Amino acid sequence: MLERIVKLSQKYNMFISGDIVVCGLSGGADSVCLLLSLCELRERLGIEVEALHVNHCLRGSESDRDEEFCRSLCARLGVRFTAERCDVSGYAAERSMSTELAARELRYGIFCRNAQGKKLATAHNADDDLETVLLNLARGTALKGLAGIPPVRGNIVRPLLAVTRAEIEAFLAERGQDYVTDSTNLTDDYTRNKIRHRIIPLLREINPSLNSTFVNSVDGLRDENAYIEAMTDSAERECLDGSRLTGLAGYDTVIRSRCISRLLVRNGLPVSHERIRECDDIVVNGGKLNISGDIYFVSDGSAAELRAIPAAEAVGELSAPLMIGENSIFSGKTLICELVDRAEYDRRRDVNKKLTFYTFDYDKIKGEAVLRNRRNGDKIQLRGRDFRSSVKKLINETIPPAERNTLHFIEDGEGTVWAERLGIAQRVAPDGNTKRLFVISVVNDKQEWSGPIDTKKK
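Student: Explain the pattern of salt bridges to me, please; I cannot follow it from the model alone.
Tutor: Pairs can form between side chains of opposite charge whenever their charged atoms are close. Enumeration according to the criterion identifies 44 salt bridges in this entry. The salt bridge partner of Glu174 is Arg175, with a shortest N-O separation of 3.4 Å. Owing to a relative accessible area of 64%, Glu174 belongs among the exposed residues under this scheme. What makes Arg175 partly exposed here is its relative accessible area of 34%. Measuring nitrogen to oxygen at the nearest pair gives 2.5 Å for the salt bridge that ties Asp280 to Arg256. Of this pair, Asp280 sits in helix α12 (residues 273–285) while Arg256 sits in helix α11 (residues 253–266), placing them 24 residues apart in sequence. Both residues of the pair, Asp280 and Arg256, count as buried. Each of Asp30, Asp127, Asp128, Glu131, Arg165, Arg192, Arg196 and Arg204 takes part in one network of salt bridges that share partners.

Structure, rendered in structure tokens:
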């Protein structure tokens, strides 16, 4: 076991000679094993070892017992010991968060204060890593989440990640070393404990060598993830300037996605698979996406950036009942609708074949027709097609970013029947039985807009 700790620490450059390593010591089996292991290896690793205990004050006398156990253990080992207390319950109530999350935030805050200029070693082991990967998988994750707990993050190191809990208990038994047990770990109150006590035993029935298989698998995933992270670092060096990414569209999707994720996280903005996918589409095709409040992710297809756009400048949801005559939902732009019988329409077309109108069968409209701007998730089955298309995709393929926010859409009771500059829906297309035509033209700055012409002979 000690050899695996050394091998892992060397692979990830956890320690350099002269490091002071603060061991997070709860008194449980994992952290006691960590402390003893580091003490036994300190000469070989060239490190000094200290211990830090955080008393969360959640379990009354049991919490005090754990602190005293850690104090006595460090005295016997000749290790410098520090203990700090925190009010987890009060902190959680004040911030309306779970006790588990509050304890973690306070604990890592104490760790940070006490490990400045030093290394902080935590006792996460292979079983913890497996639980984390399963939890990430259940919630949704990509390669980074499947790579599990990072062996090194800043000054935090995790030397036991290749060691199983069974090996830890065997190590302590060989040395006759006792430890304390946190009673909350014996319940299924927390999601992680449900995975630990219910799901993993079932997986071990399928594969008795689950832990060793997982350690080997996750080691390979970490290597692949590290390679992608290095490629992402390189892309950022080339593309990133403040909150602006220039030339990112030329990189692979995986690299683009990680750069976008880093940019959002760095600016304290929400991140999700769908959000990153939407931002990536904008990086390549241009456009604008609201991220949070007045913060937008904006791209012209060559450079993308986070930009604050005041609410007055941001286009929200606009709509109005569609009227015969003039309609206006955008400043400086008017949509003109006429209801024309078939004979009159044919006469106009014969007189001036250059007229550029959209036309559809008025009697095929279902319910009330509404004029609006575009919405997320819009789809349309365009005339002449036997499938529905994403409006967003069609727009990104054909329309410049600067013109996308002022496109007109008409919908009826069954969905979109017309999208400006894209066309009409198949279900309202005129045919040989059409008697009344709805004729639409768009006037922009007093000039009739010239776009796709709907002049197929009926």
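Read on, since the account is not over.
Student: Would you mind showing me how to read the nonpolar core here?
Tutor: The nonpolar side chains of a soluble globular protein tend to be buried, and buried together. Core analysis: the biggest nonpolar cluster contains 39 residues, and Phe15, Leu35, Leu38 and Leu172 have the highest contact counts within it. Among the elements of the structure, α1 (2–11), β1 (20–24), α2 (29–45), β2 (48–55), α3 (61–77) and α8 (165–174) are those that each provide at least two residues to this core. In terms of residue count, α2 provides more of this core than any other element does, 10 residues in total.

Student: Teacher, can you tell me more about the packing of helix α6 (residues 126–139) against helix α9 (residues 191–206) here?
Tutor: When two helices pack together, their arrangement is given by the angle between their axes and by how far apart the axes lie. Between α6 and α9, the shortest axis-to-axis distance is 10 Å and the interhelical angle comes to 100°. What the angle tells us is that α6 and α9 run roughly perpendicular. Contacts from Asp127, Asp128, Leu130, Glu131, Thr132, Leu134 and Leu135 of α6 reach α9 at Thr191, Arg192, Ile195, Arg196, Ile199, Ile200, Leu203 and Arg204. Tallied by class, residues from the contact of α6 with α9 come to 7 nonpolar, 2 polar and 6 charged.

Student: Even after reading the chapter, I still don't get the sheet that holds strand β5 (residues 152–153), so can you show me in this structure?
Tutor: In any sheet, the strands associate via hydrogen bonds between backbone groups, in a parallel or an antiparallel arrangement. The strand order β3-β2-β1-β4-β6-β5 describes an open sheet built from 6 strands, whose pairing is mixed. On the outer flanks of this sheet lie β3 (80–85) and β5, each paired with one strand and no other. As paired strands, β5 and strand β6 (residues 156–157) are joined by 2 bridges and run antiparallel to one another. Opposite Val152, over in β6, you have Val157 as the bridge partner. Contacting β1, β2, β3, β4 (119–121), β5 and β6, helix α5 (residues 99–114) crosses the sheet at an angle of about 150° to β2.

Student: Explain the confidence of the model for the chain here, please?
Tutor: Low-pLDDT portions of the prediction should not be read for the details of their coordinates. Looking at the chain as a whole, the pLDDT averages 86, with 91% of positions reaching at least 70. This model gives residues 446–458 a pLDDT under 50, and the stretch forms 36 contacts once residues within four places in sequence are excluded.

Student: Would you mind going over the pairing of strand β19 (residues 409–412) with me for this structure?
Tutor: Two elements, strand β16 (residues 370–372) and β19, share 3 bridges in a ladder whose sense is antiparallel. Counterpart to Leu371 in the pairing with β19 is Ile410. Of the strand pairs in this sheet, β19 and strand β20 (residues 415–419) are connected by 4 bridges, and their pairing is antiparallel. Counted as the bridge partner of Asp412 is Gly415 from β20. Turn length for the β19-β20 hairpin, with the two strands adjacent in sequence and antiparallel, is 2 residues.

Student: Before we go on, may I ask you to explain the sheet that holds strand β21 (residues 423–424) in this structure?
Tutor: The strand order across the open sheet built from 5 strands is β12-β16-β19-β20-β21, with neighbouring strands paired in antiparallel fashion. Every other strand in the sheet has two partners, leaving β12 (319–321) and β21 as the edge strands with one partner each. Where β20 meets β21, 2 bridges bridge the pair, whose relative direction is antiparallel. Considered in β21, the bridge of Ala419 is made with Gly423.

Student: Any chance you could explain the packing of aromatic side chains here in plain terms?
Tutor: When we look at a pair of aromatic rings, we describe it by the centre distance and by the angle of the planes. What the rule picks out here adds up to 4 aromatic pairs. Look at Tyr358 and Trp418: their rings are 5.2 Å apart centre to centre, the planes differ by 65°, and that puts the pair in the edge-to-face class. Here the residue Tyr358 occupies a position in strand β15 (residues 358–361), and Trp418 occupies one in strand β20, the gap between them amounting to 60 residues. With 5.5 Å between their ring centres and 55° between their planes, Phe360 and Phe438 make a pair best called tilted. Taken together, the positions of Phe360 in strand β15 and Phe438 in strand β22 (residues 436–444) put the pair 78 residues apart, joining distant regions of the chain.

What counts, and where the lines are drawn
Residues numbered from 1 in each chain as written. Predicted model: local features only at pLDDT ≥ 70, side-chain atom pairs only at ≥ 80, totals over all residues. Heavy atoms only, no water. Salt bridge = Lys/Arg side-chain N within 4 Å of Asp/Glu carboxyl O. Buried < 20%, exposed > 50% of the residue type's maximum accessible area, 1.4 Å probe, protein only. Helix = DSSP H or I, 4+ residues; strand = E, 2+ residues; numbered from the N terminus. Core = buried A, V, L, I, M, F, W, Y, C linked by side-chain atoms within 4.5 Å. Axes fitted to C-alpha atoms, helices over the stretch in contact; angles between N-to-C directions. Parallel < 35°, antiparallel > 145°, perpendicular 65-115°, else oblique. Contact = heavy atoms within 4.5 Å. Nonpolar A, V, L, I, M, F, W, Y, C, P; charged D, E, K, R; others polar. Pairing = 2+ DSSP bridges. pLDDT = per-residue confidence, 0-100. Phe/Tyr/Trp six-rings, centres within 6.5 Å; stacked < 30°, edge-to-face > 60°.

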